[in-house]
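# Survey of secondary and tertiary structure
Read off the chains here:
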Amino acid sequence: MRFLDSLRRLDAYPKIDNEFSVRTVSGAALTLVSSIVIVVLVIGEINAYLSPNVAEELFVDTTRGHKLKINLDFTIPRISCEYVSLDAQDSTGEQHLHIEHNIYKRRLDLQGNQIEEPKKEDIQASTKRISSTEAPSTDKPACGSCYGAGRNESQCCNTCQEVIDAYRERKWNPNVEDFEQCKNSNDGSVEGQAFNEGCHIYGTLEVNRVEGRFHIAPGKSFSINHIHVHDVQPYSSSRFNTTHFINRLSFGEQFGFGTTQPLDGLYVIAAEGAMMFQYYIKIVPTMFVPLEGPTLYTNQFSVTKHQKSVTAMSGETGMPGIFVNYELSPLMVKYTEKQNSLGHFATNVCAIIGGIFTVAGIVDSLLFTSIHVIKRKIELGKAS
């Protein structure tokens, strides 16, 4: 008995008989509020426990063999697909070799509605590239004249584009108004389709993981002596409105967090013709290791934007279009999902329950004492 009496003195939770306890309305209200708060916080703690914790690391990128995947989706609402070219180059200015891509062009009217089904774009030609996909008209001559620009007398130029290409090979400046093939062609009309349609360019590129650039610019693109050229004949470059909408631009796969698509949804209006828009992108390779499933290799990036007018009056050099220059950081960010500790979860739940009940008890005691003192003063007639 003496042992039990000694043990009883260690009880930190002394009991009070029911006949000595007092139940109040304020105590009931505090009990309800405390219970609701406890339930809400415990549910939040359960969600936090079930959600994996993400640890972030930064180290030098030593990975090899991964291609750089460029996902792009641009809309140019004021230039026809026939006069828009997409080109990808490395840091030396040479076109990327061994590009894997599925880039498509979709013709749009000025209201943004689709005119025809999208067609795959060829962006790998190293000498010259013709983006026109129209079938030649059947009413053109069997062997049209190249107007002195042919490689030999037997060369035929049956379309306006063939005449222009022959002049390009000779490095001559074509005047399409003098060519019979261009008089019955939209390519040679004063307005043609260049400014009466828009263009939707979308798809993916896979290039080597080196610094490089790609651009979307008006004119037929080709190379002469390793110099990249855009021919906007018969128009002046100031006629082209390079207003554009970036529906999507990313490098690699998308995951649930991080800065993988900061330019998505960007609408840029060209205040005048011949505007050159430049985007300087810093790519940070990123590795994501989930709790389950394969490791994901992707890229985050930051961007700096710049624009300028390249008209003859401005004195600036360049050509109108959208130019994206990107460089790779030597550092890699690694995100690793980790399961939360059960002990940490239990500690937080106990802290929530005990803390709220303790605070509620203190508040209830203050309220009860205050109300009791006020009632005594009223009974004694001392309350003013």
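Provided above is the structure to which this section pertains.
For the structure given in this document, a descriptive report is provided here. (Residues numbered from 1 in each chain as written. Predicted model: local features only at pLDDT ≥ 70, side-chain atom pairs only at ≥ 80, totals over all residues. Heavy atoms only, no water.)

### Overview of the overall build of the protein
Per the secondary structure count, the protein includes five helices and 16 strands. Here the protein holds 384 residues, and the buried ones make up 38% of them. Long-range contacts, defined as pairs at least 24 residues apart, comprise 74% of the intrachain contacts of the protein with a sequence gap of at least 6. Looking at the protein as shown, the accessible area adds up to about 22500 Å², and 56% of this sits on carbon and sulfur atoms. (Helix = DSSP H or I, 4+ residues; strand = E, 2+ residues; numbered from the N terminus. Buried < 20%, exposed > 50% of the residue type's maximum accessible area, 1.4 Å probe, protein only. Contact = heavy atoms within 4.5 Å. Areas by Shrake-Rupley, 256 points an atom, 1.4 Å probe, with all protein chains shown as cover.)

### Concerning the nonpolar core
Counting 38 residues, the largest nonpolar core has Ile70, Phe214 and Leu249 as its most contacted members. Of all the secondary-structure elements, those providing two or more residues to this core are strand E2 (68–76), strand E3 (84–90), strand E7 (198–207), strand E8 (212–218), strand E11 (244–251), strand E13 (275–289) and strand E15 (321–328). Setting aside chain neighbours within four positions, we find Leu249 in contact with Ile70, Asn71, Leu72, Phe74, Phe214, Thr260, Gln261, Leu263, Asp264, Ile281 and Phe301. (Core = buried A, V, L, I, M, F, W, Y, C linked by side-chain atoms within 4.5 Å.)

### Quick look at the state of the cysteines
Counting across every chain of the model gives three disulfides. A sulfur-sulfur distance of 1.8 Å marks the disulfide that ties Cys143 to Cys156. Residues Cys143 and Cys156 are joined by a disulfide whose S-S torsion is about -90°; by sign, that bridge is left-handed. Here Cys143 is found in the loop between strand E6 (119–120) and helix H3 (160–169), whereas its partner Cys156 is found in the loop between E6 and H3, with 13 residues between them in sequence. Taking relative accessible area as the criterion, Cys143 reaches 44% and is therefore assigned partly exposed. A sulfur-sulfur separation of 1.9 Å characterises the disulfide bridge that pairs Cys146 with Cys157. Taking the torsion about the S-S bond as the criterion, the Cys146 to Cys157 disulfide, at about 95°, is right-handed. Of the two residues, Cys146 is situated in the loop between E6 and H3 and Cys157 in the loop between E6 and H3; the sequence distance between them amounts to 11 residues. There is no split in this pair, since Cys146 and Cys157 are both buried. (Disulfide = S-S within 2.5 Å.)

### What about the pairing of E8?
Burial of E8 is extensive: six of the seven residues sit out of reach of the surface. As judged from the seven bridges shared by E3 and E8, these two strands associate in the antiparallel manner. Bridging from a neighbouring strand, Val84 pairs with Pro218 of E8. When E8 meets E15, the two strands line up antiparallel, connected through five bridges. Residue Arg213 lies in a different strand from E15, and its bridge partner there is Asn325. (Pairing = 2+ DSSP bridges.)

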